[in-house]
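Observations on the three-dimensional arrangement
One-letter residues, chain by chain:
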Amino acid sequence: MRINVLIGGQAGQGPNILSEIVGKALIKCGYFVFFSRDYQSLIRGGHNFNILTFNENPVYSNDNKIDILVCLNEETEKIHKKELKKNSVILKGKEENMHFAGRLFKVLDLDFKFLENELKKLRNFDENLKHAKTGYDSENKKLQITKTNSNKPKNFMNGSQGVAEGAIKSGLDLYCAYPMTPATPLLFELAPKQYENNFITLELESEISVIGTAIGASATGAKSMVGTSGGGFDLMTEGLSMAGMAEIPLVIYLASRPGPSTGVPTYTSQGDLQLARYCGHGEFFRLVLAPGDPTEAEELISQCFYFSQKYKIPAILLSDKHLAESFYTLNESGKITKSEKSTTLKKYNSYEHDEKGIATENADIIKKNFERRLKKTKEIEKEAENFEMFKVFGKKESKNLIVSWGSTKGAILDSIKDLDCKFLQILYIEPFSVKIETELKKAKNIFVVENNATSPLSDLIREKTGFLIEDKNKILRYDGRPFLSDELNEEIKRRMK
């Protein structure tokens, strides 16, 4: 059983809160839930929708076809009617959104008490409960779904929450940001928690101010992090180069969206992999890690802090809108790697400098400094092998290998369950594990799946291992939308023939 529910309406009608409340209630009923958001860059009006997929077994993505369509306005039915399965259910009307939550639970033949318990966590409980109960009692349609008795505790969180949890547990002192979708949700997650966890969040007037402030704080001993998306990151790269020269620890959260320039602000893309790898000018090491779900986001941001503090380097966590804003059902929290603060009070300089931070043009000192900074690359490459730099899923002995990174993980996992293939997920972009080449050599057919148009992962693989991924084996999506598991399943099967 795999049920897809699409909840659509105008911005301001509440499809997000409705999806989250229903999702949390379904988890309490014992199901695994995943939901993603599709919304326009509008405060009011337009057309927004969420797709909520649930199952008695783990689920990490959505499908193309819909079982239940919840229409908060008339436009939703017109737009999505073509996506409905045969014998699907349409819920429509002009009632409040929690009325639809009650109707939905009745259609699924689920105990209302689970929904009521989630409503208690909202403001205006009595009013919301009234609407939900009225909706539940008014509905008589029922959809046959598999019942589950699983009551194991599960976490329900998105990638932004995973990053926030990992940063706090890593001892975050300062988070600076200028609002830019899809990095802004991390600011919203961190700001309410700053007082109880003894750190500061700052919203500044520009990305240049953001990175300058973070570098200054880090030089005085603070564990500092900044967050942005591609266009904002462009403005930060001069500061990033300074951090590389002055050897000041800095963690950067880069949440990608389609570009170039303003692009499509509220949609998703994996187009910034090479930007993260080559950002800044001059020769210095940048750590680049890429989580595929909220648990990995929590783990890898802590590893960013660890390497950044120990080696005094910039460390980049590369995410995107799909991971940042989609909600996943998780069984456990991430494993946090502790790091000690490494900066000392001294003069820091963006010029080449001596050991006291005094600017110099001495050839011997310049050569020595270059060699010391570049030596870190080898040291980090060696130590990184102590961590999980990549993961392998699926049929381990299969000769068909799918390689990817980041938020495509969920759709790939769901799409290969009935296929003769395995999936190699790369977590460490820089440094790149030497063991990946061994996995590539085992495969007869290698396919790359990415949310972009040019497949920078294929270029990375060729650069690091010499393996050439043929164009016919690159499965790419670049319309701003994430992969859907049923469509991806068909595409993989077609390429494997």
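Here the structure is shown first, and the text comes after it.
Just so it is clear, the model here is predicted, and its values are computed rather than measured. (Residues numbered from 1 in each chain as written. Predicted model: local features only at pLDDT ≥ 70, side-chain atom pairs only at ≥ 80, totals over all residues. Heavy atoms only, no water.)

Of all six residues making up strand S15 (residues 400-405), six are buried, and the element is well covered by its neighbours. Here S15 runs beside strand S18 (residues 445-450); their pairing, made up of four bridges, is parallel. In the strand pairing of S18, Val-403 is matched with Val-448. Here S15 runs beside strand S16 (residues 422-426); their pairing, made up of five bridges, is parallel. Opposite Leu-401, over in S16, you have Lys-422 as the bridge partner. (Buried < 20%, exposed > 50% of the residue type's maximum accessible area, 1.4 Å probe, protein only. Helix = DSSP H or I, 4+ residues; strand = E, 2+ residues; numbered from the N terminus. Pairing = 2+ DSSP bridges.)

The subject of this paragraph is the pattern of salt bridges. By the definition in use, this model includes 43 salt bridges. Among the ionic pairs, Asp-109 bridges to Lys-142, the shortest N-O distance being 3.5 Å. Highlighted residues: Asp-109 in the loop between helix H3 (97-107) and helix H4 (112-119) and Lys-142 in the loop between helix H5 (125-138) and strand S6 (155-158), separated in sequence by 33 residues. Residue Glu-430 is joined to Arg-277 by a salt bridge in which the shortest nitrogen-to-oxygen separation is 2.9 Å. (Salt bridge = Lys/Arg side-chain N within 4 Å of Asp/Glu carboxyl O.)

Here we take up the sheet that holds strand S2 (residues 32-38). Here seven strands make up an open sheet; going across it, the order is S5-S4-S1-S3-S2-S13-S6 and the pairing mixed. A strand with exactly one partner marks an edge of an open sheet, and here the two such strands are strand S5 (84-92) and S6. Taking each pair of neighbouring strands and ignoring which way they run, the sheet shows an average axis angle of 20°. In this sheet, strand S3 (residues 45-55) lies alongside strand S1 (residues 3-11) in antiparallel orientation, the contact comprising eight bridges. In the strand pairing of S3, Val-5 is matched with Leu-52. (Axes fitted to C-alpha atoms, helices over the stretch in contact; angles between N-to-C directions.)

Moving on: the layout of surface pockets. Each pocket or cavity is described by its volume, and for the largest pocket that value is around 770 Å³. Forming the walls of the largest pocket are 28 residues, and the residues nearest its centre are Asn-16, Arg-37, Tyr-39, Phe-188 and Glu-325. Sorting the residues of the lining of the largest pocket by element identifies S1, helix H1 (15-28) and helix H7 (184-190) as the ones contributing at least two each. Along the lines of polarity and charge, the residues of the lining of the largest pocket split into ten nonpolar, twelve polar and six charged. Each pocket or cavity is described by its volume, and for the second largest pocket that value is around 460 Å³. If you trace the second largest pocket, you find 21 residues lining it, with Asp-293, Thr-295, Glu-332, Lys-391 and Lys-409 closest to the centre. For the lining of the second largest pocket, the secondary structure elements donating two or more residues are helix H12 (294-311), strand S13 (327-330), strand S14 (390-394) and helix H15 (409-415). For the lining of the second largest pocket, the leading source of residues is H12, giving five residues. (1 Å grid on protein atoms, 1.4 Å probe; cavity = no way out; pocket = protein on both sides within 12 Å on 5 of 7 lines; lining within 4 Å. Points joined across faces, edges and corners; volume = space filled by probe spheres on them. Nonpolar A, V, L, I, M, F, W, Y, C, P; charged D, E, K, R; others polar.)

Per the stated rule, a full pass over the model turns up twelve aromatic pairs. Between the aromatic rings of Phe-307 and Tyr-311, the centroid separation amounts to 6.2 Å while the plane-to-plane angle is 15°, which identifies the pairing as stacked. Placement of both Phe-307 and Tyr-311 in helix H12 is noted, with a separation of four residues, approximately one turn of the helix. With relative accessibility at 0%, the residue Phe-307 sits in the buried group. The exposure class assigned to Tyr-311 is buried, which follows from its relative accessible area of 10%. Judged by centre distance (5.7 Å) and plane angle (25°), the ring pair of Phe-393 and Phe-423 falls under stacked. With a gap of 30 residues between them, Phe-393 in strand S14 and Phe-423 in strand S16 connect regions that are remote in the sequence. Given a relative accessible area of 22%, Phe-393 falls into the partly exposed group. (Phe/Tyr/Trp six-rings, centres within 6.5 Å; stacked < 30°, edge-to-face > 60°.)

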